[in-house]
Amino acid sequence: MSKLSEQKWFRALFRRRIFIALLLVAQLIFLYFLIESGSKLSGIVSLILTLISFLTVLYVIRRRDKGAYKLMWVILILTMPIFGGLFYIITQVQTAFPNFKASGELGQKKSEELLFSEDCGFKEACAALPEHAPQIRYLNDFAKFPIYTKSTTKYFSPGEEMFKALLAELEKAEKYIFLEYFIIQEGNMWNSILDILKRKAANGVTVRVMYDDFGCFFLLPSNYPAQLKKYGIECVVFNPFRPMLTAVQNNRDHRKIASIDGKTVFTGGINLADEYINAYEKHGHWKDSAVMVKGRAAWSFTLMFLQMWEMCTGTNEDYAQYYPWSESPCEENDDGFVQPYADSPMDRENVGEHVYLQIISTAKDYVYIATPYLIIDDSMLSALVLAAKSGVDVRIITPHIWDKRLVHMTTRSYYRELISAGVKVYEYTKGFVHAKNFVSDDGVATVGTTNMDYRSLYLHFECGVVMYESAAVAEVKEDFMRTLESCQEITMKDCKVNFFTELAQDFLRLIAPLM
């Protein structure tokens, strides 16, 4: 890109972002002056909004949400009786997504028909892994994500290791490449990938790219899909950000999926931007992780992509045409059992949270966790505490160099309870941990996109993979133990803060669902 075109790109980008910001501010100012003007109309509006807040509190109490989530909203609404109810409706009630939800339900039904058209390995897995049978049955029977044989896994950390493997696999693509990411940013990583995508598209390979507009809000221009279209690359933006106070901005596509011909898939915490491969330093050394899945299990991730593509484009996709083994069977080696999963805020089923809770609750010897954020509700906190008090070696690695100060303060507010119960907490002193890993008892591990915070667990579209007795399980554990060498163990002495800091942390925990 020339210097002149780069300047035009930035001018167009910031003109759009500033315009949106000004419109949002204008709407807020209009509401404020309408209510504070002292006119008869403002009195009527204030009364109506107060009534809305009262009804909203009743609605919140009746909802099947987490207790901490409901408590935060009730307190917030009652503290601001005029604006509180309106704020809840604007940010939480997803009335603007009926077509999106209907399309998702249709896509889910179509996917199930293909996922369960043959026995993937469910009976074999339950017989071989009785201690993990509840997890396997939950994901297979209820969440509708099969467990697979004929699949192999390879773990990568840090991001630059995954990047090399991704480039090599993209070069092998023969039929299609599907990319779904929260963040894409021009630079060494994305430009190297884009060069391959251009060549593949020119040679007849179907190339589709999907990214979240909020994740790329300051990173890509609004016409980026049109730019990619010139290269023969199909591109769609998930939930484009609109300059209106509406509910549709609440849920984001936080998934990271790269599917090559439906036979090879990458997932994990790594987005397509240079800090994820340490091409430049953003928050110290960026410690991230990913998994490469080959074989039958890769098909699950491909269907996740196709469902989201269909929801965003409004098209009716023929999923079966992308099935990679319609003409010849999959001959990938067996590497334990592999069970991909996805999480959606539209079905009110917290799949990612349940995966984490079951790994913690079934651990007998140890459970090791790496997470960038530790903002958890009572059920997760109780599970970690109970495991530690029951003699399980529970260790958690979080960042020492933070990316969001208030979020890091909230993360640290949980240290005292965890450490006093016997949980060992470490901070990665070299930089920022962005990996989302669980590993337990040398037998099970999960790597994916789900952070241990409210947004990831309850509001975002996420994905991950559970691996049972596969090669990647040992690799995740080995990486965790190696990472500990660059960590500082947090003690109760380190947790001591003054009264005002502790009060601030308690307040942040109260409003954590908003972070």
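Here the structure is a predicted model, which is why all the values come from computation and not from measurement. (Residues numbered from 1 in each chain as written. Predicted model: local features only at pLDDT ≥ 70, side-chain atom pairs only at ≥ 80, totals over all residues. Heavy atoms only, no water.)

## Brief notes about the pattern of salt bridges
Part 1 of the reasoning: One pass over the full model with this rule turns up 16 salt bridges.
Part 2 of the reasoning: Notably, a salt bridge pairs D479 with R482, separated by 3.3 Å at the nearest N-O pair. With a gap of three residues between them, D479 and R482 both fall in helix α17 (residues 471–484), about one helical turn apart. (Salt bridge = Lys/Arg side-chain N within 4 Å of Asp/Glu carboxyl O. Helix = DSSP H or I, 4+ residues; strand = E, 2+ residues; numbered from the N terminus.)

## Observations concerning the confidence of the model for the protein
Part 1 of the reasoning: Model confidence for the protein is summarised by a mean pLDDT of 87, while 84% of its residues fall at 70 or above.
Part 2 of the reasoning: The model gives residues 1–7 a pLDDT under 50, and that stretch makes three contacts with residues more than four places away or in other chains. (pLDDT = per-residue confidence, 0-100. Contact = heavy atoms within 4.5 Å.)

## Points about the environment of G268
Part 1 of the reasoning: By the secondary structure assignment, G268 is in strand β6 (residues 264–268).
Part 2 of the reasoning: Its relative accessible area of 1% is what places G268 among the buried residues.
Part 3 of the reasoning: Separated by 182 residues in sequence, G268 and T450 place their C-alpha atoms 8.7 Å apart.
Part 4 of the reasoning: Residue contacts for G268: discarding those within four places in its chain leaves K256, S289, A290, V447, G448 and T449. (Buried < 20%, exposed > 50% of the residue type's maximum accessible area, 1.4 Å probe, protein only.)

## Some words on the side chain of T483
Part 1 of the reasoning: Structurally, T483 is set in helix α17.
Part 2 of the reasoning: Taking relative accessible area as the criterion, T483 reaches 7% and is therefore assigned buried.
Part 3 of the reasoning: For T483, the side chain forms a polar contact with the main-chain oxygen of D479, separated by 2.6 Å.
Part 4 of the reasoning: If we ignore the near neighbours within four places in the chain, the residues touching T483 are K287, I397 and Y428. (Polar contact = N/O pair within 3.5 Å; in protein donor to acceptor, adjacent residues only side chain to side chain.)

## Focus on the sheet that holds strand β5 (residues 257–260)
Part 1 of the reasoning: The strand order across the open sheet formed by seven strands is β1-β8-β6-β5-β2-β3-β4, and the pairing between neighbours is mixed. Since the sheet does not close on itself, it has two edges, and those belong to β1 (151–156) and β4 (234–238), each with one partner. Strand after strand, the sheet turns through a mean of 10 degrees between neighbouring axes, direction not considered.
Part 2 of the reasoning: Each of β2 (176–181), β3 (206–212), β4, β5, β6 and β8 (290–295) touches helix α11 (residues 298–313); the most contacted strand, β2, lies at about 70 degrees to it. (Pairing = 2+ DSSP bridges. Axes fitted to C-alpha atoms, helices over the stretch in contact; angles between N-to-C directions.)

## Description of the pairing of β4
Within a regular strand, side chains alternate between the sheet's two faces.
Part 1 of the reasoning: Of all the five residues making up β4, four are buried; the element is thus mostly covered by neighbouring parts of the structure.
Part 2 of the reasoning: With five bridges joining them, β3 and β4 adopt parallel strand pairing. Within β4, the position partnered with V209 by the bridge is C235.
Part 3 of the reasoning: In this region the chain leaves β3, passes through helix α10 (residues 224–229) and returns to the parallel neighbour β4; the handedness of that crossover is right-handed. (Right-handed = clockwise from strand over helix to strand, strands pointing away.)

## Concerning the environment of N239
Part 1 of the reasoning: Mapping N239 onto the fold places it in the loop between β4 and β5.
Part 2 of the reasoning: Judged by its relative accessible area of 7%, N239 falls in the buried class.
Part 3 of the reasoning: Between the alpha carbons of N239 and D253 there is a distance of 8.3 Å; along the sequence they are 14 residues apart.

## Points about empty space enclosed by the protein
Part 1 of the reasoning: Summed over all chains, the structure comprises four cavities of 30 Å³ or more.
Part 2 of the reasoning: Residue lining of the largest cavity: 13 residues in total, with A370, N437, D479, F480 and T483 positioned closest to the centre.
Part 3 of the reasoning: Those elements giving two or more residues to the lining of the largest cavity turn out to be β10 (366–370), β14 (437–440) and α17.
Part 4 of the reasoning: No other element matches α17, which puts four residues into the lining of the largest cavity.
Part 5 of the reasoning: Across the lining of the largest cavity, the residue classes break down as nine nonpolar, two polar and two charged.
Part 6 of the reasoning: Taken as a whole, the second largest cavity holds about 40 Å³ of empty space.
Part 7 of the reasoning: Forming the walls of the second largest cavity are P372, Y373, P399, W402, D403, K404, V407, H408 and F432. (1 Å grid on protein atoms, 1.4 Å probe; cavity = no way out; pocket = protein on both sides within 12 Å on 5 of 7 lines; lining within 4 Å. Points joined across faces, edges and corners; volume = space filled by probe spheres on them. Nonpolar A, V, L, I, M, F, W, Y, C, P; charged D, E, K, R; others polar.)

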